[in-house]
Amino acid sequence: MSESKPFCISKWVVSSAWIQVRDNRGAAGVDDITITEFEKRLKNNLYRIWNRLSSGAYFPPPIRRVMIPKKDGRERPLGIPTVGDRVAQTVVKMYLEPMVEPLFHSDSFGYRPKKSALDAVGTCRQRCWRFDWVVDLDIRGFFDNIDHSLMMHAVRKHTDCPWVLLYIERWLKAPVETDDGTRLPGDRGTPQGGVISPLLANIFLHHAFDAWMVREHPGCLFERYADDIVIHCRSHDEALQVKRAVEERLRRCKLEAHPDKTRIVYCRDSNRRQVYDVHQFDFLGYGFRPRGARNCRNELFTSFSPAISTRATKTIVSEVRTWGIHRMSDRGIADLSRRFNPLIRGWVTYYGRYHPSALSKTFRPLNRRLVRWAQQKYKRFRRHQRKATHWLRRLAEAQPTLFAHWRIGIVP
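Remember, it's a predicted structure, so these values are computed and weren't measured experimentally. The residue numbers shown here count from 1 along each chain, following its written sequence. In view of the model being predicted, local features appear only for residues whose pLDDT reaches at least 70, and side-chain atom pairs are presented and counted only at 80 or more, with totals across whole chains, interfaces and linings using the full set of residues. Only hydrogens and water are set aside; all other atoms, that is, all heavy atoms of the structure, feed into the side-chain values.

### Observations regarding the overall build of the protein
Okay, so step 1: On a plain count of helices and strands, the protein comes out with 15 helices and 11 strands.
Okay, so step 2: Projected onto the principal axes, the alpha-carbon positions of the protein cover approximately 75 × 60 × 40 Å.
Okay, so step 3: Under the scheme applied here, a residue whose accessible area is under 20% of the maximum for its type counts as buried, over 50% as exposed, and between as partly exposed, the area being computed with a 1.4 Å probe on protein chains only. Considering the protein as a whole, with its 412 residues, one finds that 50% of them fall into the buried category.
Okay, so step 4: Here, two residues are considered to be in contact whenever any of their heavy atoms come within 4.5 Å of each other. Looking at the protein alone, contacts between residues at least 24 apart form 67% of all its contacts between residues at least 6 apart.
Okay, so step 5: Areas reported here follow the Shrake-Rupley algorithm with a probe of radius 1.4 Å; residue values treat only the protein chains shown as occluding. Per element, the accessible surface of the protein, about 21200 Å² overall, is 48% carbon and sulfur. Put simply, DSSP H or I for four residues or longer makes a helix, DSSP E for two residues or longer makes a strand, and each gets a number counted from the N terminus.

### Some thoughts on the packing of helix α3 (residues 42-55) against helix α4 (residues 83-100)
Okay, so step 1: The axes are straight lines fitted to the C-alpha atoms, using for helices just the contacting stretch, and the angles between their N-to-C directions are given from 0 to 180°. Between α3 and α4, the least distance of the axes is 10 Å, while the angle of their chain directions is 50 degrees. By the angle between their directions, the pair α3 and α4 is classed as oblique. The two elements α3 and α4 meet at a crossing, and its hand is right-handed. Facing L46, I49 and L53 of α3, the residues of α4 in contact are G84, V87, A88 and V91. Orientation categories follow fixed angle ranges, with anything under 35 degrees roughly parallel, anything over 145 roughly antiparallel, 65 to 115 roughly perpendicular, and all other angles oblique. By definition, turning the near helix anticlockwise from the far helix through less than a right angle yields a left-handed crossing, and turning it clockwise yields a right-handed one.

### Considering the pattern of salt bridges
Opposite charge on two side chains allows them to pair when their charged atoms are near.
Okay, so step 1: What makes a salt bridge here is a side-chain nitrogen of Lys or Arg within 4 Å of a carboxyl oxygen of Asp or Glu, nothing more. According to the stated counting rule, one finds 19 salt bridges in the structure shown.
Okay, so step 2: One salt bridge connects E256 with R140, and the closest N-O pair in it is separated by 3.4 Å. On the criterion of sequence distance, the pair formed by E256 in the loop between α10 (236-252) and β8 (263-266) and R140 in the loop between β3 (133-138) and α6 (142-145) is long-range, its members being 116 residues apart.
Okay, so step 3: Of the residues examined, E256 reaches a relative accessible area of 36% and is grouped as partly exposed.
Okay, so step 4: On the basis of relative accessible area, R140 is assigned to the partly exposed category, the value being 35%.
Okay, so step 5: Each of the salt bridges in this network shares a partner with another, and the network as a whole consists of D107, R127 and E223.

### Focus on the sheet that holds strand β10 (residues 286-294)
Okay, so step 1: One open sheet accounts for 3 strands, arranged β9-β10-β11; its pairing is antiparallel. Each edge of the open sheet carries a strand with a single partner, namely β9 (281-283) and β11 (300-308). Along the sheet, successive strands turn relative to each other by an average axial angle of 50 degrees, direction set aside.
Okay, so step 2: By definition, two strands form a pair when at least two bridges between them are found by DSSP. Relative to β11, β10 runs antiparallel, the two being bridged by 9 bridges. Note that in β11 the partner of P290 across the bridge is F304.

### Structural notes on the sheet that holds strand β1 (residues 63-69)
Okay, so step 1: One open sheet holds the 4 strands; their spatial order is β2-β1-β4-β5, and the pairing between them is mixed. Either end of the sheet is taken by a strand with one partner, and the two such strands are β2 (75-80) and β5 (183-184).
Okay, so step 2: Relative to β5, strand β4 (residues 176-177) runs antiparallel, the two being bridged by 2 bridges. Paired with E177 across the two strands is R183, which belongs to β5.

Here you go:
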């Protein structure tokens, strides 16, 4: 490496970072350069990134902002860095993540190696059986409102590497470019969509929440997936006390608990019969609420447990509607399977982990659209919905893997 470079950054690390970016795919940033186009001049592009990172001359381009719909009907901004910037961010992540990962709390599940959202849901499920009360915590606009000075203070607790601190600060301050070309200053927050943002979020909340909870409320367990947090308490008084303390803690960290979405929830079941208005909450696409269940003796009882949430069901049904399957009479059933089954399989794998029978309501509309497709495809079914349904049912019995929801018994 040239002695003129003030920062010692390996070319091999830059190449390894590129492989991760390539495998993760993703859209183009403000320069409209895609993964494929970046790869056409790969050697030159990677050398330019390494040269600028090593010399301290790397300045991130603006972040492309796109708006994506939220569950409540509003929109939230998603920041898309350029491909080259994603490579540079990955270089810093590869350096920083091994240092902080062993220090993170075991109940922090988001964007961490060997941890998943389903792990968080499963842990929450077990603890709802042990603890009567939950604080369902919602941080208002977390990624958009992180204070940069507090963020850098948290990062400095883990590293004093000059180039890591330099580039993280530059990424935090990088401007955002909207669809009409307007550039907004990066005076707060860290864009969702950036490679480094999830790691920075975990570092921030490790100090602002996780370590604080262990220190101040060691008896209250929690699950945190990025800024989605559930806290378990033994009594309503304890839940009320913890809720107030967390709200004050967030204010000191220049954040805010959402006043309407942060709630105390009673985990009502057969053994918990106290009257309380709120006895359900959503966590990572699962709805936790009292549900009918059977024990090992086949006796019916009420369990407080998770299943696919109402919001997640509506989202899937709306997505399936946009496919227009019933209008694809020029396609065969195998073509439909190749096109749509990967998505269906992903939904079934995630939402079918707990209480899979609840997926019946989610995928019955898809079956109805497949019946309408069969009626359009085959003249003999044109006016005979029952015959089309019977034909599809026999097909599902003969080829249950054709569509993933058929395999778990949700057939026409």
